[in-house]
Amino acid sequence: MKAMLKKRLVPVVAIAATAGLILSGCSGAGGGETKEIKIGVLATDKGNLAFGMDEAKAAIGVSMASIGGTIDGGEIDGVPVTIVYEGTDGTSASAQTAVKKLVENDGVDIVFGPVSGDEGETVVQYALTTPEVTYVNGSASPVGMTLAGATNFFRFHGDSAMWMGGLGDYAYNEKGYKKIYAIAEDYSFPYDNAGGFFSEFCAAGGDVTGNSWVPVGTTDYSSIIAQIPADTDAVYVGLGGADAASFLSQAVTAGVNKPLVGGTIAVDTTALSGDANIADVAAGMIAGGPVPGPDYDSPEWQAFVAEYVKQPKAFPSPSIFSILYYNSFNSLLLALEEVKGQLGSPDQKNLREALTALEWTSPTGPIKLDANRQAIVDNFLIEVEKGADGKLTTKQISQTSGVAQGTKTYDRFEGCPK
Amino acid sequence: MSTSISSTSTTPRWKAWVSAQNIVVAVVLVLAIIFPLVVDRPRFWLPNIGVRTLWMGTIAMSLVFLNKYVGLLSLAQMTFAGICSYGIGYFSVTMGWPIIPSIVLSLGIGSFAGWLTALIAVRTKAIYFMMITLALAQVFYSWASQAIEVTNARRGIAPIPRPDFGFINLNDITTFYYFALVLAVIAYVIFRYTATSQFGLAIQGIKDSPERMSALGYNVNRYRTAALTLAAFVASIGGVILVFDRNQVDPSFVSLDSTLNILVVAVVGGIGSLGGVFIGGLVFALLQNFAQDFTDRYMTLTGLVFIGVLLFFPAGLVGLGPMIRRLFSKRAKASASSESSETLDAERRAGTHNKKGQHK
């Protein structure tokens, strides 16, 4: 018995010792408070938005260069600024883990991010429980985020309903579409995006001939295309990335002869460069969003693009994510400069007042905040056209100024949004 | 420790309770209890590491129970937990019911889902069982992603606040951690007790030879169904901790990723050890939080750790104990070989005698 116990005792002690080591060793990893400003950045670095982190760093790099800093930090009026990065995979679970780590373990003063809408809704809920930290949104765009009552949460770009601002009117009045069939992915971003478009379109007098909500990742649209009623004037395409590319190429095969209206992420280079044959259906497609067309040339925009392309791992031209991250981070930086790096107390009072009062001209137009700490911004309408070389490109058709947030969040809807 | 053991040898009543396994359990439990007191940032360590370890461990434990005692590898355990989480969200937030009936009913629904799954899957074995449970898990995932009336589709149900029962307020993170710890311990005790009960012996018999047990008059499928339902109940307990940890429920709870995470936790901890899953859970939670401090390719690092564990500790991290023991006994052997081989033989004989004596 004794010998057996002795034999068994060895692993017991070993495991106990290991567990002890893990506990004591890891608890040392938590940092203490410092006098510098610590900004924690949330961005996606894996999953289908894996490029989000590179785009975030490029945007932050451009902004920090204006004060002589780098993506890792700099100095504002003698107060050192440190920037730490935490990667996520675009899901609410990973955002929750990452934001808790930034706030509770890394002890950041300001959280900047996240990228996706699912993450954003989680981060706002967390912001409600940590009033001492200031949150500046990255590119998450669900409408409800700034309606949740988190007074420490600021968003310096439009929500996904605002990104459609002006497009409903344009489709009804300029293009003359009276009846539209809606195809959109089945999650929160397309709900808000389509909701923004159709609420304006229906208010103008338009009608919806049907809605198809498809799961993300749907590649076969033949049955949905077959459902489009004959008396439909146009088809709304609330799809993104590979889904949009699949839809467009199948629309060609199935002979869809209706004009298209795109959601904000339907018209990007992935969808347009996917298949040369899609030109027949894609040309003439209109869409709305925070990204101006290639012919846009405000001095602020040109200065931003010139700095952006110098950043490591930057795309040939800035994506929607780098634009939103830049506008948001630069807003934060301007406010930090305004208060000379003194965040104030209690609850970073100085910084928050400066953020609330901030007005500046961003690369995509003037930005200021409303009473819910949600930006009032300019929005862009673009149209896809066939270039001289047969390649698809976009042109800007209008810039809507001073688009403000509505008071409604959207869920999946049938017909016009209620 | 050695003194306590020598004293136990003179106290027969304790004998039954003193085994290496129970000592490990006691040590781990003590560490778990003092955990909130020794960490420097409880608001980070308790939710991100502590509570996460507990719900991952509890759910993975239900997987290990089925694998160890019933011989079935179920990939639906995370789904049962998720169903319970959805139940709590739906009843308490969407329907506005009081929290305690919501939790009780949701535990029932999670278990019921296990029973339904068992009705379909229990006639199959090995890879077919695994595939059916995986398929059912994916069916629920797709449903949860779409059924906007019940699950609020992709957006999920949020916020689900932690309840204040009056006598305990789970909004306090330390209280919540101990609440989760108590649930995890209850889950562990349920499995330990079941394994040694008549029912447990019967299902182990069925695992070894279903034909013989059937010939002895046992209704094999009914026993398996009962075991699966019990495992679903324990997974649902994990779901209770999970939903109050996350304060929301969305389809990512029951996605393929989450399902596989639970499998990884079980394998890293030790697929043959009920308590080992908590070590697996701890390692996994630490990796999720700290791997990116070391490298940008932290998913790769997590994968490498997983491969490393599979390569070097096929029995999981709890297999580390026996490995170290073998290492020590080898060393002992090496030092003994310098002495005369006769002494060694005598020692070995003595060891055998001891063992024989023990059996008597």
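Relevant structure appears above.
Report follows, based on the coordinates. (Residues numbered from 1 in each chain as written. Chains lettered and ligands numbered in written order. Predicted model: local features only at pLDDT ≥ 70, side-chain atom pairs only at ≥ 80, totals over all residues.)

1. With respect to the packing of helix 4 (residues 42–70) of chain B against helix 14 (residues 276–294) of chain B
Residues and elements named next belong to chain B. The line we're drawing: Axis definition: a line fitted to C-alpha atoms, limited for helices to the stretch in contact. Angles are taken between N-to-C directions and run from 0 to 180 degrees. Helix numbering and strand numbering both begin at the N terminus, where a helix is a DSSP run of H or I of at least 4 residues and a strand a DSSP run of E of at least 2. An angle below 35 degrees is treated as roughly parallel, one above 145 as roughly antiparallel, one from 65 to 115 as roughly perpendicular, and anything else as oblique. Here is the rule for handedness: rotate from the far helix to the near one, and if that takes an anticlockwise turn smaller than a right angle the crossing is left-handed, while a clockwise turn gives right-handed. C-beta atoms are first placed from the backbone for all residues, and any pair lying within 7 Å is then listed as a contact. As a working rule, the residues Ala, Val, Leu, Ile, Met, Phe, Trp, Tyr, Cys and Pro are called nonpolar, Asp, Glu, Lys and Arg charged, and the rest polar, with Gly in that last group.
For the pair helix 4 and helix 14, interaxial distance at closest approach is 8 Å and the crossing angle is 135°. One way to sum up the angle between helix 4 and helix 14 is to call them oblique. When the axes of helix 4 and helix 14 are compared, the crossing they make is right-handed. Mapping the contact onto sequence places N48, I49, R52, T53, M56, G57, A60, M61 and V64 in helix 4 and V277, F278, G280, G281, L282, F284, A285, L286 and N289 in helix 14. Considering only residue class, the contact of helix 4 with helix 14 consists of eleven nonpolar, six polar and one charged.

2. Some words on the nonpolar core
Worth spelling out the cut-off: In these notes, a nonpolar core means any group of buried Ala, Val, Leu, Ile, Met, Phe, Trp, Tyr and Cys residues linked to one another through C-beta atoms within 7 Å. Any residue whose C-beta has 12 or fewer other C-beta atoms within 10 Å is treated as exposed, any with 20 or more as buried, and any in between as partly exposed, C-beta atoms being built from the backbone. Domain boundaries shown here were taken from an automatic or database domain assignment.
In this structure, V111(A), I180(A), Y236(A) and V237(A) are the most contacted members of the largest nonpolar core, which totals 115 residues. When residues in this core are grouped by element, the largest group, ten residues, is from helix 12 (residues 320–338) of chain A. Split by domain, the residues of this core number at least three in each of domain 1 (37–158 + 297–377) and domain 2 (162–289 + 387–403) of chain A. If you look at the next biggest cluster of nonpolar residues, it comprises 94 residues, including L46(B), A118(B), I160(B) and I206(B).

3. What to know about the packing of helix 13 (residues 256–269) of chain B against helix 14 of chain B
Residues and elements named next belong to chain B. Two numbers describe how helix 13 lies on helix 14: the axes approach to 7 Å, and their chain directions differ by 120°. By crossing handedness, the relation of helix 13 to helix 14 is classed as right-handed. Here N261, V264, V265, A266, V268 and G269 of helix 13 lie close against helix 14, whose contacting residues are G276, V277, F278, I279, G280, G281, V283 and F284. Considering only residue class, the contact of helix 13 with helix 14 consists of nine nonpolar, five polar and no charged.

4. Thoughts on the pairing of strand 9 (residues 234–238) of chain A
Successive residues of a regular strand alternate their side chains across the two faces of the sheet. All names here are of chain A. Here is the rule: In this description, strands pair whenever DSSP reports at least two bridges between them.
Of all five residues in strand 9, five are buried, a share of seventy percent or more. The two faces of strand 9 match: A234, Y236 and G238 on one face and V235 and V237 on the other face are all buried. Note that strand 7 (residues 179–185) and strand 9 share five bridges and pair parallel. Each bridged residue has a counterpart across the sheet, and for I180 the counterpart in strand 9 is A234. With three bridges connecting them, strand 9 and strand 10 (residues 260–262) associate as parallel partners. Within the sheet, the bridge partner assigned to V235 lies in strand 10 and is L260.

That's the geometry; what it means functionally is another story.
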